[in-house]
Amino acid sequence: MNRLTTIIFAIIVTLGCSAQEFNKYFIDRTLRLDYIFSGNKARQEISLANVYSMPRWYGKKQKLGETPVEGNGQITVRQHKSDNIIYKNSFSTLFQEWLTYDDAAGPGKAFENVFLIPMPKDTVDITVTLNNNRRQPVVSYTHTVIPTDILIRHIGEKNVTPYTTLQTAADTSKCIHIAFVAEGYTDSEMDTYINDANAATEAIFSHEPFKSSRDRFNIIAIKSASGESGTSEPSKDLWKNTALGSHFDTFYSNRYLTTLNLFRLHDVLAGTPYEHIIILVNTDEYGGGGILNSYVLSMTHHPMFKPVVTHEFGHSFGGLADEYAYDNEQIPMYPHDVEPWEPNITTLKNFKGKWENLIEQGTAVPTPESNDPETINSKVGLFEGAGYSMKGVYRGMQDCRMRTNENPEFCIICRNALQRLIDFYTK
């Protein structure tokens, strides 16, 4: 057997083993798990709210026990009989972000969260763990799911929300599924929404590494009509009747546009091919948000729509951190004595394995900023000011899509991290 034949044989064996592992433990359906995360800085609690079964499974079918990024929490599925881990995924949540604000020192709040796992063939124990911003587990909740439980409700098999396919992956059995969701678009505005979804698609896939890997993504647009056009703006006492109840002023930040209604969001998506979610909001006010393995939410009719939706997808899909910091808005999300798990920022507490191999020997730390465009676009170093902190947190290049809307591309550090993630899911 020659070397090329050996390599091909090894690849076929590996793919076959991955498929066998999935088929050994799971069937081609989705188990949707609804949780309530509640509490405050002093005490957090996790409760199970609903369990649903939906047609087909659109997540990973290989590397089932691996997570490509750590996230601020993990969901782990174990065989009840053997305690073997058969599936794992990571996530971040608005609840955990809220815990970093002063408001969380007072009375507790409750947040909805939804996780999808492949439908197990046999009884499993599912553990949800939340970590604090020191990467330490603070609360964990384990419950048992019996797949034949008559109280697991089947949804998504009829009355499925209409959708349009915007792009079909080259191999739909091994691809990344993205679903756009309409928010604040009435029935009469669906054509506008589809145009906006196409514009967002072209914006994201004009950036590397998405551009070169475009055929690995399957993209649909959910036509979820709202009773009223637009979105709510609490600071203006303006409240709208929309499909997902989105609003500005999240955590009293006027540009932070989110929805807290995750159960409703996944009800709208039930029965459609989805994993990663991009919510498009019919407003010309500036705002958006992105949460790892939860959703992107972006305005569509502001001039900065295209860079914002791309930036937020960097958060929700790639687990990338914000690389900006403002003097007047210090958010204590990253303790300076703990290395962030995000691949594009560092506190230098455990920098190994990030981008140290791209830094030229003798580069100053912190790396001084430059006014020369060529240097801005090519110099890799340790530029101070990232993760909402002016001091103590570093980014790899002077500018990047994760730092400003004006920069046209993801920097090399972010591109490499995104490429690793795309390969994790599709190779």
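Residues numbered from 1 in each chain as written. Predicted model: local features only at pLDDT ≥ 70, side-chain atom pairs only at ≥ 80, totals over all residues. Heavy atoms only, no water.

Tallying secondary structure elements over the chain gives seven helices and 17 strands in all. Along the longest, intermediate and shortest principal axes, the C-alpha atoms of the chain span 70 × 65 × 45 Å. Here the chain holds 427 residues, and the buried ones make up 55% of them. Looking at the chain alone, contacts between residues at least 24 apart form 64% of all its contacts between residues at least 6 apart. Within the chain, the 50 negative side-chain charges are centred at a point lying 7 Å from the centre of the 40 positive side-chain charges. (Helix = DSSP H or I, 4+ residues; strand = E, 2+ residues; numbered from the N terminus. Buried < 20%, exposed > 50% of the residue type's maximum accessible area, 1.4 Å probe, protein only. Contact = heavy atoms within 4.5 Å. Lys, Arg positive; Asp, Glu negative; His and termini not counted. Charge placed at Lys NZ, Arg CZ, Asp CG, Glu CD.)

Right, let's talk about the side chain of Thr-201 for a bit. Residue position: Thr-201 is located in helix H3 (residues 190-204). Apart from the residues lying within four places of it in its own chain, the contact partners of Thr-201 are Leu-166, Gln-167, Phe-180, Arg-214 and Ile-219.

Enumeration according to the criterion identifies 18 salt bridges in this entry. A network of salt bridges, in which partner residues are shared, links Arg-32, Asp-34 and Asp-267. (Salt bridge = Lys/Arg side-chain N within 4 Å of Asp/Glu carboxyl O.)

A separate point is unusual backbone geometry. Residue Pro-209 is bonded to the preceding Glu-208 through a cis peptide linkage, with omega at 10 degrees. Cis peptide bonds are those with omega within 30 degrees of zero, and the linkage from Val-365 to Pro-366 qualifies with -5 degrees. In this structure, Pro-366 sits in the loop between strand E15 (345-346) and helix H6 (373-378). Even without being glycine, Asn-159 reaches a positive phi, approximately 55 degrees. For Asn-159, the location among the structural elements is in the loop between strand E8 (153-154) and strand E9 (163-167). With a phi angle near 70 degrees, Asp-249 is a residue other than glycine that sits in the positive phi range. Inspection of the secondary structure assignment puts Asp-249 in the loop between strand E11 (217-222) and helix H4 (262-269). Asp-249 gets classed as buried once you look at its relative accessible area, which sits at 14%.

With 15 residues, H3 extends 21 Å from end C-alpha to end C-alpha; this agrees with the ideal 21 Å at 1.5 Å per step. For H3, the full list of buried residues reads Met-190, Tyr-193, Ile-194, Asp-196, Ala-197, Ala-200, Thr-201, Ala-203 and Ile-204. (Expected span 1.5 Å × (residues − 1).)

Okay, the sheet that holds strand E2 (residues 44-55) next. Within the open sheet, the four strands sit side by side as E5-E1-E2-E8. Their pairing is mixed. Each edge of the open sheet carries a strand with a single partner, namely strand E5 (109-120) and E8. Relative to E2, strand E1 (residues 26-39) is paired through 11 bridges, and the arrangement is antiparallel. When the bridges of E2 are listed, Ile-36 appears paired with Ser-47. Lying on the sheet, H4 is in contact with E1, E2 and E5; it crosses E5 at an angle near 35 degrees. (Pairing = 2+ DSSP bridges. Axes fitted to C-alpha atoms, helices over the stretch in contact; angles between N-to-C directions.)

By the secondary structure assignment, Gln-96 is in helix H2 (residues 94-98). Apart from residues lying up to four places away in sequence, Gln-96 is in contact with Asn-72, Gly-73, Phe-91, Leu-130 and Asn-131. In this structure the side chain of Gln-96 is engaged in a polar contact, spanning 2.8 Å, whose partner is the side chain of Thr-93. (Polar contact = N/O pair within 3.5 Å; in protein donor to acceptor, adjacent residues only side chain to side chain.)

Pairing within the open sheet is antiparallel, and its three strands lie in the order E15-E17-E16. Whereas interior strands pair on both sides, the edge strands pair on one side only; in this sheet they are E15 and strand E16 (380-386). Sheet topology note: the E16/strand E17 (residues 389-397) ladder contains four bridges and is antiparallel. The partner of Glu-384 across the bridge, within E17, is Tyr-394.

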